[in-house]
Amino acid sequence: MPTEQSPPVSRRKLGIFGVLAGIVLVVVVITGIRAREQSGEKLREWTDDQAVPTVAVTLPDSKLTNPTIDLPGRLEAYQRAPIFARVPGYLKSWSADIGARVKAGQVIAEIEAPDLDQQLLQARADLASQKASAKLSEATLNRRKTLIASNFVSMQEIDERTADLSNKEAAVKAGQANVERLEALAGYKQISAPFDGVVTSRDTDVGALINAGGGSGPAMFTVSDISKLRVYVNVPQNYVPAIKIGAKAVIVVPEYPNRTFLATVEASAQAVDVSSGTTRMQLGLDNSKGELMPGGYAGVKLSLQRDTTPLQIPSSALIFNQSGLRVATVGPDDKVLFKTVTISRDLGRTIELGSGLAPEDRVITAPPDGIADGDQVRVAGAKGSKPQKVSEKQDVKG
């Protein structure tokens, strides 16, 4: 009797095993599909992450420094006088050659002027004749006045004699003035130094024809006072407000490569040369030892005084294209924001900006190619870390 129920039980067990196997198969399939979707999602995330560029940023440096600017300059004598002849003639002698130190009033040359000498002799003779005529006119007038009481002469004649005496006396004064003028000119036959200094040029010799005035040839001598020198330097317009009268400057010259000299800003032209865009400034330099030579080249390092502290960024952060000079910054949402800037000074590795940035702007130090305004970027470094400021030693290239 029991043997008749066995087949149905076996079939039920097989049915249960089939259902379980189907469930397992469905679970495996679902797990595989989900794993594949997760893998694809991770791949997409990785791809998207790789598409977002990673950039290094820095904050503009606003460190207060004592900036300087290097410019070429020219040394000139504090006083320089080209000496021309005042009278024509021939050079009779000279006593001071180039490099000679002379004192004010010292005679350094003498001119032979025979024409002037003859003019002076003639003027003196004319003066003597005029004095004699005036003396005779005065004697005649006095004699005529004694005859007025006897009515031998009329008052008309007395008036005429008085006027004649006045004319003769005026002629004497004119002759005297002419003599004094020629004597003054004769004094210029001796060429003397106008001040203490050094003879820096001599362009004449004994027997040379001398022409009066300064428009017909080079100066006979040039005397320069080199105990103090003027240093002339052309300052670019944007630096002029930062250079004050009385500011100190350091001077270097080729002949003393290991030495420096101290100068002081004395004057400014207060005008911009339209051809160069610079302002001419004058510096005073003590040269009491006579070590420096006028006319020489000098390197001038000027101190700049700023009312505000300028910002500095790495030179690699600059972008120059058809849109002008710009800097790429990273906003709070980690998106690129371009800002137009102006350069104040090129310091080599760093750039001093005139305008365009704020101290809190995050500047991309090396912008990648093809970066555009609004692009999403990833800031390199630990999350939440503060960018380092630029800190470079200043080395001005004026």
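Shown above is the structure to which this text applies.
First, a word on scope: everything that follows refers to the structure included in this document.

Parameters and conventions
- Residues numbered from 1 in each chain as written.
- Predicted model: local features only at pLDDT ≥ 70, side-chain atom pairs only at ≥ 80, totals over all residues.
- Heavy atoms only, no water.
- Phe/Tyr/Trp six-rings, centres within 6.5 Å; stacked < 30°, edge-to-face > 60°.
- Lys NZ or Arg CZ within 6 Å of the ring centre and 35° of its normal.
- Pairing = 2+ DSSP bridges.
- Helix = DSSP H or I, 4+ residues; strand = E, 2+ residues; numbered from the N terminus.
- Buried < 20%, exposed > 50% of the residue type's maximum accessible area, 1.4 Å probe, protein only.
- Contact = heavy atoms within 4.5 Å.
- Salt bridge = Lys/Arg side-chain N within 4 Å of Asp/Glu carboxyl O.
- Expected span 1.5 Å × (residues − 1).
- Axes fitted to C-alpha atoms, helices over the stretch in contact; angles between N-to-C directions.

## Brief notes about the packing of aromatic side chains
Going through the model one piece at a time under the given rule, you end up with 1 aromatic pair. Above the ring of Y78, the side-chain terminus of R230 is found at 3.9 Å from the ring centroid. Between the NZ or CZ atom of R259 and the centre of the ring of Y256, over which it lies, the distance is 5.1 Å.

## Topic: the pairing of strand β18 (residues 336-340)
Relative to β18, strand β17 (residues 324-330) runs antiparallel, the two sharing 5 bridges. By the bridge assignment for β18, A328 is matched with F338.

## Observations concerning the sheet that holds strand β9 (residues 209-210)
Taking strand neighbours across the sheet as the criterion, the 4 strands line up as β7-β6-β4-β9 in an open arrangement whose pairing is antiparallel. In this open sheet, the two strands that pair with only one neighbour each are β7 (190-192) and β9. Sheet analysis places strand β4 (residues 89-94) next to strand β6 (residues 107-112), joined by 4 bridges and oriented antiparallel. Paired with L91 across the strands is I111, a residue of β6.

## Observations regarding the environment of A56
Take A56: it is sitting in the loop between β1 (54-55) and β2 (57-58). According to the relative accessible area criterion, A56 is partly exposed, its value standing at 39%. In this structure, A56 is in contact with V363, I364, T365 and A380, ignoring residues within four places of it in sequence.

## Regarding the pattern of salt bridges
Counting across every chain of the model gives 10 salt bridges. As a salt-bridge pair, D117 and K189 come within 2.9 Å of each other at their nearest N and O atoms. Of this pair, D117 sits in helix α2 (residues 114-146) while K189 sits in the loop between α3 (155-187) and β7; the two residues are 72 residues apart in sequence, bridging distant segments of the chain.

## Structural notes on α3
Here α3 spans 48 Å end to end across 33 residues, near enough to the 48 Å set by a 1.5 Å rise per residue. The complete set of buried residues in α3 reads I158, L165, V172, G175, V179, L182, L185 and A186. As for α3, its buried residues are in contact with α2.

## Observations concerning the sheet that holds strand β15 (residues 311-314)
Here 3 strands make up an open sheet; going across it, the order is β15-β20-β19 and the pairing antiparallel. The open sheet has two free edges, formed respectively by β15 and β19 (342-346), since each of these has just one partner strand. The average angle at which neighbouring strand axes cross in this sheet is 40°, direction not considered. Here 4 bridges tie β19 to strand β20 (residues 350-355), and the two strands are oriented antiparallel to one another. Among the inter-strand pairings, D346 is bridged to a residue of β20, identified as I351.

## Focus: unusual backbone geometry
Among all residues save glycine, negative phi is the norm, and among peptide bonds the norm is trans. One non-glycine residue, Q270, lies in the positive phi region at around 55°. Counting through the fold element by element, Q270 comes out in the loop between β12 (256-268) and β13 (278-286). Even without being glycine, D334 reaches a positive phi, approximately 60°. Within the secondary structure, D334 is located in the loop between β17 and β18. Residue D334 is classed as partly exposed on the basis of its relative accessible area, which comes to 26%.

Nothing here speaks to function; it is all geometry.
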